[in-house]
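Now for the letters of each chain:
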Amino acid sequence: MKYGYFDDNALEYVITTPKTPLPWINYLGNKEFFSLISNTCGGYTFYKDAKLLRLTRYRYNNVPYDNNGKYFYIKDNTDSVVWNPGWQPVKTTLDSYECRHGLGYSTFTSTKNNVEAKVLTFVPMDDNCEVSQITITNNKDKEADLSLFSYVEWCLWNADDDMKNFQRNLSTGEVEITDGGSTIYHKTEYRERRNHYAIYSVNAPVDGFDTSRDAFLGAYNGPDSPDVVSDGKCTNSVASGWSPIASQQINLKLKAGESKTFIFVLAYVENPEDDKWEAPNVINKKPAISLLSRYKTEEAVEKALTELKNYWKDLLSNYHISSKNEKVDRMVNIWNQYQCMVTFNMSRSASYYESGIGRGMGFRDSCQDLLGFVHLIPDRARQRIIDIASTQFQDGSAYHQYQPLTKKGNSDIGSGFNDDPLWLIAGTSAYVRETGDLSILKEMVPFDNDMSVAKTLMGHLKCSFDFTATHKGPHGLPLIGRADWNDCLNLNCFSEHPGESFQTFGPSEGPVAESVFIAGMFVKYGEEYAQLCELLGDQAEADRARDEIKKVYEAAITAGWDGEWFVRAYDAYSHKVGSKECEEGQIYIEPQGFCVLAGIGVKEGLAEKALKSVEERLDTKYGVMILQPAYTKYHVELGEVSSYPPGYKENAGIFCHNNPWVSIAETVLGHGDRAFEIYKKTCPAYIEDISDVHCTEPYVYSQMVAGRDAKFFGQGKNSWLTGTAAWTFVNISQYILGVYPTHKGLSIDPCVPADFGDFEITRKYRNAVYNISVKQNGAQKGIKKLIVNGKEVAGNVIPYEDGVKEYNVVAEMG
Ligand code: BGC
Ligand code: NOJ
């Protein structure tokens, strides 16, 4: 069952009912000011950091789903019917409803009793604000007597403290009100250590306002039944402590056919420390007034929206495909790249599932996200790499995450996640292959933000490489630290008491537990490290690295091989994990995908076997499960992985993030049919028809789809902020469609299903545009002829030449 449809020309997903199985959301903001907005106008807003600088409140664990939001109430004063353009919170049945989620904006068009409301919401490119333009049209044949009420509830900045520290927070709320209520300033804590405030303003005179939540809602009421809206009359309340809000009332008499438009702006403003006040206790409003002056007219809003749309069009033009597969085209050209940008902005911090409170920018998460956005924003990717590397420790290990506001490692979560160092090589290599910019490798980068112990970025990569090379266990395989990518496989944790964090409980690593998955990463990213060494002219270091890689390769195909597939790990007792010897959890997806994509076991014939085993044992109609058989009991020596009920999350769920690893592995072996089949199973556009089963948005990937053992097999969870976005984009764009950036130039080596058909790709790469036309000739893999600007080229790499601005490429498969 579907709840909407793709409008590819408009670059939008159109939702046709507010009653989607879960809130279907969108992200607004491209730089420092962000909002999440659902198809029922729920969501929250923050500046830079969803934990530390939260502007509006959201209620997690909420009933009904998805409140709070930024709401408009429309009241017909003749019959007292009250409704919201996004349906929530009043939930009056609408006569029509449509929500369009576009790139960085959302629109809502709804009608009730011949009154239409059209809301457009977006965060403009260059101001720290969210603009909401609402147009109300009277389609009745007589005059309409309406009142419009706005409503936002302020968060007292630190979203974590705001939910807990009531003994203080119920007394600190402060506001200022100007222009009769048209502009409401939220200035809690401004009198002390803050130099910022928020505003909510409308570009018109108002008939009144409220800034006290209790006054607006009435005690014991929720936003679904505010007293003020029922009474039709706001109270001009001035908040003093408790819960400050911003609400404006505008009474409207609209003639038949008449429309009126209002522009609401929610903004964040900072003042210089020495210019905070315009009078005692009166905040300096100059920057706010100047910001608001830029969004006073419909023309100004239209211009800002056009700028935003052009920004996205330009960005997405970096990789564009035109094929006979409409769904591939829409994911590649629009939604997959869009999701990659959202993971660039948010990492794993702020979504409907990640409350924005617990997690900052993940170290390994952001390194992997880089793989999906480096071609879109190479300059910002460069800075991101430096920021991430700055939180590494001198021994090569790293914090799990850092706070976006401070860019400092988050010590609450600690360090010792020992797969992280190698991911730094992955991200850096991707950046250098994309841009050819070797200067980044020579940048001085601190350790743990301490510049006195800085090394070049290349020095950091060496630490990453050496960390793994020097931390090996009894089988010569890399030691597992606080788990590796699968942070739920906690082999040194032994947690027996509820509430202990599996990720940080127990020693970071022991002398025995080893990971075959890290072995795969070491072979893959070790080679990328060696190539960077060569680029810098350090052949000796490249040779040394390759010697180290050989040892780990050898260990992987011996101790790491189980007969029909790769072992997942050895636990702290040196028992195999992910082996036919195990009672449960006999085969895991990660080492099969990663070892094969790293090339391990290909020439020995093990790779074919491993992928066959995946197909036989882990495949389902909704994707490839992370392990089988599911753990039915808690294994203290394995940790969190066995704590989930069978079929959910890391315990045999379909973890979407590592499905592309297996698909990439299939392309390594030249199996285009199978690679694409795996791609399609988790691809949102391909499963739009089963939205009632899948539940999450049909335009973005989710972290997990429940596996075969789960009651709700096929149900998605944790949409948006997942490494799945980057990895699926890498898979489809670089391996299946086969346009892969190497240090020498783009290589063209697609691996597609036999019936895929010819396709054209436009790819921007290092100041040039590549127009690539692939003639498939029914082949799944292999390029027999490559013609670049009219001349045949040997091999499949298009040699990059400085100064050449356009490459017209014809690639003949066969
Ligand atoms: C989740 C993981 C997550 C970890 C750390 C676990 O409970 O299953 O996906 O990475 O917590 O936040
Ligand atoms: C969530 C983590 O952020 C990610 O790095 C990992 O992919 C999964 N958990 C798997 O355990």
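Attention here is on the structure that accompanies the text. Note that the structure is predicted; figures quoted are calculated from it, not measured.

### Examining the site of ligand 1
Part 1 of the argument: Every residue lining ligand 1 is accounted for by Arg359, Asp487, Cys488, Gln503, Glu640, Tyr644, Lys649, Glu650 and Gln703.
Part 2 of the argument: Separating an oxygen atom of ligand 1 from a side-chain N or O atom of Glu640 is a distance of 2.3 Å.
Part 3 of the argument: In the environment of ligand 1, an oxygen atom lies 2.9 Å from a nitrogen or oxygen atom belonging to the side chain of Tyr644.
Part 4 of the argument: Its free accessible area being 310 Å², ligand 1 has 76% of it covered by the protein chains.
Part 5 of the argument: For the shell around ligand 1, the residue count by class is two nonpolar, two polar and five charged.

### A look at the sheet that holds strand S43 (residues 806-813)
In a beta sheet, neighbouring strands pair by backbone hydrogen bonds and run either parallel or antiparallel.
Part 1 of the argument: Pairing within the open sheet is mixed, and its six strands lie in the order S22-S39-S40-S43-S41-S42. The two strands at the open ends of the sheet, each matched to only one other strand, are strand S22 (319-322) and strand S42 (791-793). Taken over all neighbouring pairs, the strand axes of this sheet differ in orientation by 20 degrees on average, direction set aside.
Part 2 of the argument: Pairing analysis gives seven bridges linking strand S40 (residues 768-775) to S43, with the strands arranged parallel. Its bridge partner lying in S43, Val769 is registered against Glu806.

### Digging into the sheet that holds strand S34 (residues 654-655)
Part 1 of the argument: Taken together, three strands build an open sheet; the order of strands is S34-S35-S36 and the sheet is antiparallel. Either end of the sheet is taken by a strand with one partner, and the two such strands are S34 and strand S36 (716-719).
Part 2 of the argument: Sheet topology note: the S34/strand S35 (residues 702-705) ladder contains two bridges and is antiparallel. By the bridge assignment for S35, Ile654 is matched with Val705.

### Examining the site of ligand 2
Part 1 of the argument: Around ligand 2, the surrounding shell consists of Arg359, Arg364, Asp365, Trp485, Asn486, Asp487, Glu650, Phe655, His657 and Gln703.
Part 2 of the argument: In this structure, Asp487 approaches ligand 2 through a side-chain N or O atom, which is 2.8 Å from an oxygen atom.
Part 3 of the argument: In the complex, the protein chains occlude 94% of the 290 Å² of accessible area that ligand 2 would expose alone.
Part 4 of the argument: Per-class residue counts for the shell around ligand 2 are two nonpolar, three polar and five charged.

### Considerations on the packing of helix H10 (residues 420-435) against helix H13 (residues 516-535)
Part 1 of the argument: At a minimum axis distance of 9 Å, the contact between H10 and H13 shows a crossing angle of 40 degrees. Taken together, the axes of H10 and H13 lie oblique to each other. Like other packed secondary-structure pairs, H10 and H13 cross with a definite hand, here left-handed. Seen from H10, the contacting residues are Leu422, Trp423, Ile425, Ala426, Ser429, Val432 and Arg433; seen from H13, they are Phe517, Ile518, Met521, Phe522, Tyr525, Glu528, Tyr529, Leu532 and Leu535.
Part 2 of the argument: Among the residues forming the contact of H10 with H13, the class breakdown is 13 nonpolar, one polar and two charged.

### Things to note about the packing of aromatic side chains
Part 1 of the argument: On inspection of all chains with the given rule, the structure shows 55 aromatic pairs.
Part 2 of the argument: Every member of this aromatic cluster is reached through a ring pair, and the members are Tyr3, Phe6, Tyr13, Trp24, Tyr27, Tyr311, Trp312, Trp335, Tyr338, Tyr699 and Trp720.
Part 3 of the argument: One Lys or Arg, Arg54, reaches over the ring of Tyr44 and ends 4.1 Å from the middle of that ring.
Part 4 of the argument: Cation over ring: Arg766 sits above Tyr800, and NZ or CZ is 5.4 Å from the ring centre.

### Some points on the packing of helix H7 (residues 326-346) against helix H8 (residues 363-373)
Part 1 of the argument: Packing of H7 against H8 leaves a shortest axis separation of 9 Å and a crossing angle of 145 degrees. Once H7 is placed against H8, the crossing between them reads as left-handed. In this structure, H7 contributes Cys340, Met341, Thr343 and Phe344 to the contact, and H8 contributes Asp369, Gly372 and Phe373.

### Considering helix H12 (residues 457-469)
Part 1 of the argument: Along its 13 residues, H12 runs 18 Å from first to last C-alpha, staying within 8% of the 18 Å computed at 1.5 Å per residue.
Part 2 of the argument: Counting buried residues along H12, 12 of its 13 residues qualify, which places the element largely inside the surrounding structure.
Part 3 of the argument: Regarding H12, the residues found buried are Leu457, Met458, Gly459, His460, Leu461, Cys463, Ser464, Phe465, Asp466, Phe467, Thr468 and Ala469.

### Quick notes on the pairing of strand S17 (residues 208-212)
Part 1 of the argument: Burial runs high along S17: five of the five residues are buried.
Part 2 of the argument: Sheet topology places S17 next to strand S18 (residues 244-254); four bridges connect them, and they run antiparallel. By the bridge assignment for S18, Ser212 is matched with Pro244.

### Remarks on the state of the cysteines
Here is the idea: a disulfide is a covalent bond, and it sits between the sulfur atoms of two cysteines.
Part 1 of the argument: Summed over all chains, the structure comprises zero disulfides.
Part 2 of the argument: Free of any disulfide, Cys367 has its nearest neighbouring cysteine sulfur in Cys463, separated by 14 Å.
Part 3 of the argument: Free of any disulfide, Cys695 has its nearest neighbouring cysteine sulfur in Cys656, separated by 13 Å.

### Overview of a nonpolar patch on the surface
Part 1 of the argument: A cluster of nonpolar side chains, Phe166, Leu170 and Trp242, forms an exposed patch at the surface whose accessible area comes to about 320 Å².
Part 2 of the argument: Structurally, the position occupied by Leu170 is in the loop between helix H2 (166-169) and strand S14 (175-178).
Part 3 of the argument: By relative accessible area, Leu170 is classed as partly exposed at 31%.

### Thoughts on the pairing of strand S4 (residues 33-38)
Part 1 of the argument: Judged by how many residues are buried, S4 sits mostly within the fold: six of six residues are covered.
Part 2 of the argument: A two-sided burial pattern is seen for S4, the buried positions comprising Phe33, Ser35 and Ile37 on one face and Phe34, Leu36 and Ser38 on the other.
Part 3 of the argument: In this structure, strand S3 (residues 25-28) lies alongside S4, joined through four bridges in antiparallel fashion. Bridge pairing in S4 links Asn26 to Ile37.
Part 4 of the argument: Hairpin connection between S3 and S4: a loop of four residues separates the two successive antiparallel strands, and Gly29 in this loop has a positive phi of roughly 115 degrees.

### Things to note about unusual backbone geometry
Part 1 of the argument: The omega torsion of the bond from Val63 to Pro64 falls at -10 degrees, within 30 degrees of zero and hence cis.
Part 2 of the argument: Tracing the backbone through its elements, the reader meets Pro64 in the loop between strand S6 (54-56) and strand S7 (71-76).
Part 3 of the argument: Put simply, Asn67 and Asn68 share a cis peptide bond, and its omega is 20 degrees.
Part 4 of the argument: Take Asn68: it is sitting in the loop between S6 and S7.
Part 5 of the argument: Its identity is not glycine, yet Lys48 carries a phi of approximately 65 degrees, on the positive side.

Criteria and cut-off values
Residues numbered from 1 in each chain as written. Chains lettered and ligands numbered in written order. Predicted model: local features only at pLDDT ≥ 70, side-chain atom pairs only at ≥ 80, totals over all residues. Heavy atoms only, no water. Near = heavy atom within 4 Å. Polar contact = N/O pair within 3.5 Å; in protein donor to acceptor, adjacent residues only side chain to side chain. Areas by Shrake-Rupley, 256 points an atom, 1.4 Å probe, with all protein chains shown as cover. Nonpolar A, V, L, I, M, F, W, Y, C, P; charged D, E, K, R; others polar. Pairing = 2+ DSSP bridges. Helix = DSSP H or I, 4+ residues; strand = E, 2+ residues; numbered from the N terminus. Axes fitted to C-alpha atoms, helices over the stretch in contact; angles between N-to-C directions. Parallel < 35°, antiparallel > 145°, perpendicular 65-115°, else oblique. Left-handed = near helix turned anticlockwise from the far one by under 90°. Contact = heavy atoms within 4.5 Å. Phe/Tyr/Trp six-rings, centres within 6.5 Å; stacked < 30°, edge-to-face > 60°. Lys NZ or Arg CZ within 6 Å of the ring centre and 35° of its normal. Expected span 1.5 Å × (residues − 1). Buried < 20%, exposed > 50% of the residue type's maximum accessible area, 1.4 Å probe, protein only. Disulfide = S-S within 2.5 Å. Patch = residues over 30% accessible without salt bridge, like charges linked within 9 Å, V, L, I, M, F, W, Y side chains within 5 Å. Salt bridge = Lys/Arg side-chain N within 4 Å of Asp/Glu carboxyl O.

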